[in-house]
Amino acid sequence: MVTEFHSNGSLGDVVLEKNKKFEVFNERCKEEGKLENQVFVGLNQRKVRLYLIDMLKALNYCHKVIKVIHRDIKPDNIMINHNDEAVLIDFGVSCLVGEDDELNNNMGSYIFYAPEMFMRSQGSKVRGEMTDIWALGVTLFYLLTGKYPAHGAPDLMALKDMITTAEPNWIEIKHMAAREIIQRMLVKDPDNRATLTEILESDWVTNSGQETIGLTTVDSPTRDIKASFGNINRFLKSKAMG
């Protein structure tokens, strides 16, 4: 199998590297039960905004053009290429959906689960696009702050409670326009959560209305949007064959 090589690692790697110098101190705080004293740092919001635009182009193509739900969006699955562009990878648990984009089972990493994924009853379905948007919101929170919205949960039950009932510490996101749209992406009710269109039209993404984000359609694939997908073509081919 031939895969693409992204020389600058993942966004998860980049954030971990920035926080390495705090590891010993943060571990001591954890042992002493003083999580509030831990120190984390995120990436520059201007750079995160550009990575977000890359991801929005990718998700628009996935959700709106080829009807694919990624289901495992997280910093470790967003690679940085030689042009400092964000590339979405690992479509291993992704799925093709119909017009209703409904999913009848959960996939992905627990800390990126949307509330409705924890609260679903047996046989019920969730909207795939909304779960991808939630996971992208969690990813953005992490990139900007160096920690997850549900930081400090000691076990899965506590994590579930934090995701379904608690609010993140929003003041940790210093940039107001970024905070506003990420808050909308992390609304617990999927019916009220920000849509892809609303994110694309937000003040942070559009630089307060000064920029318009061009999107690729099925009839006009461009090099830059193809570059945002990693192994998606192989994924689609395997689905067709299987």
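Note: the structure precedes this text.
These lines cover the structure that appears in this document, whether it is placed above or below. (Residues numbered from 1 in each chain as written. Predicted model: local features only at pLDDT ≥ 70, side-chain atom pairs only at ≥ 80, totals over all residues. Heavy atoms only, no water.)

## Points about unusual backbone geometry
- At D84, a residue that is not glycine, the phi angle is positive and equals roughly 60°.
- Following the sequence through the fold, D84 ends up in the loop between β2 (78-80) and β3 (86-88).
- Phi at S208 takes a positive value of approximately 60°, unusual for a residue other than glycine.
- In this structure, S208 sits in the loop between α9 (203-206) and α10 (223-226). (Helix = DSSP H or I, 4+ residues; strand = E, 2+ residues; numbered from the N terminus.)

## Some words on the pattern of salt bridges
- Summed over all chains, the structure comprises eight salt bridges.
- The closest approach of N and O atoms between K64 and E129, which form a salt bridge, is 3.0 Å. Remark: E129 occurs in helix α5 (residues 128-145) and K64 occurs in helix α3 (residues 45-65); sequence separation between them is 65 residues.
- A relative accessible area of 43% means that K64 is categorised as partly exposed.
- The salt bridge partner of E198 is R184, with a shortest N-O separation of 2.9 Å. In this pair, E198 is assigned in helix α8 (residues 196-200) and R184 in helix α7 (residues 176-185), connecting sequence segments 14 residues apart.
- Using a relative accessible area of 35% as the deciding quantity, one classes E198 as partly exposed.
- Given the relative accessible area of 29%, R184 is considered partly exposed. (Salt bridge = Lys/Arg side-chain N within 4 Å of Asp/Glu carboxyl O. Buried < 20%, exposed > 50% of the residue type's maximum accessible area, 1.4 Å probe, protein only.)

## Brief notes about helix α1 (residues 11-18)
- Buried within α1 are the following residues: L11, G12 and V15. For α1, the arc enclosing every buried residue in end-on projection is 105°, short of the 170-degree limit, so these residues lie on one face.
- Its buried side turned inward, α1 meets α3, β2 and α5.
- The backbone nitrogen of G12 lies 3.3 Å from a side-chain oxygen of the residue at the head of α1, namely S10. (Arc of directions from axis to C-beta. Contact = heavy atoms within 4.5 Å. Polar contact = N/O pair within 3.5 Å; in protein donor to acceptor, adjacent residues only side chain to side chain.)

## Thoughts on the packing of α3 against α5
- Following both chains from N to C, one finds α3 and α5 inclined at 165°, their axes separated by 11 Å at the closest point. The orientation of α3 relative to α5 falls into the category roughly antiparallel. Crossing geometry of α3 relative to α5 is assigned as right-handed. Together, Q45, V48, L52, M55, L56, L59, H63 and K64 of α3 and E129, D132, L136, L140, L143 and L144 of α5 make up the contact between the two elements.
- For the contact of α3 with α5, the class distribution of residues is nine nonpolar, two polar and three charged. (Axes fitted to C-alpha atoms, helices over the stretch in contact; angles between N-to-C directions. Parallel < 35°, antiparallel > 145°, perpendicular 65-115°, else oblique. Left-handed = near helix turned anticlockwise from the far one by under 90°. Nonpolar A, V, L, I, M, F, W, Y, C, P; charged D, E, K, R; others polar.)

## Topic: the packing of aromatic side chains
- Counting across every chain of the model gives six aromatic pairs.
- Seen from their ring centres, Y110 and F118 are 6.5 Å apart, and the 25° between their planes marks the pair as stacked.
- On the numbers, 4.4 Å between centres and 15° between planes, the contact of Y142 with Y148 is stacked.
- Accessibility expressed as a relative area gives 7% for Y142, which makes it buried.
- Members of the aromatic cluster, joined through ring pairs, are Y110, Y113 and F118. (Phe/Tyr/Trp six-rings, centres within 6.5 Å; stacked < 30°, edge-to-face > 60°.)

## Details of the side chain of T139
- Along the chain, the position of T139 falls in helix α5.
- Judged by its relative accessible area of 1%, T139 falls in the buried class.
- Discounting residues that sit within four places of it in the chain, T139 has contacts with I73, K74, P75, I78 and F112.

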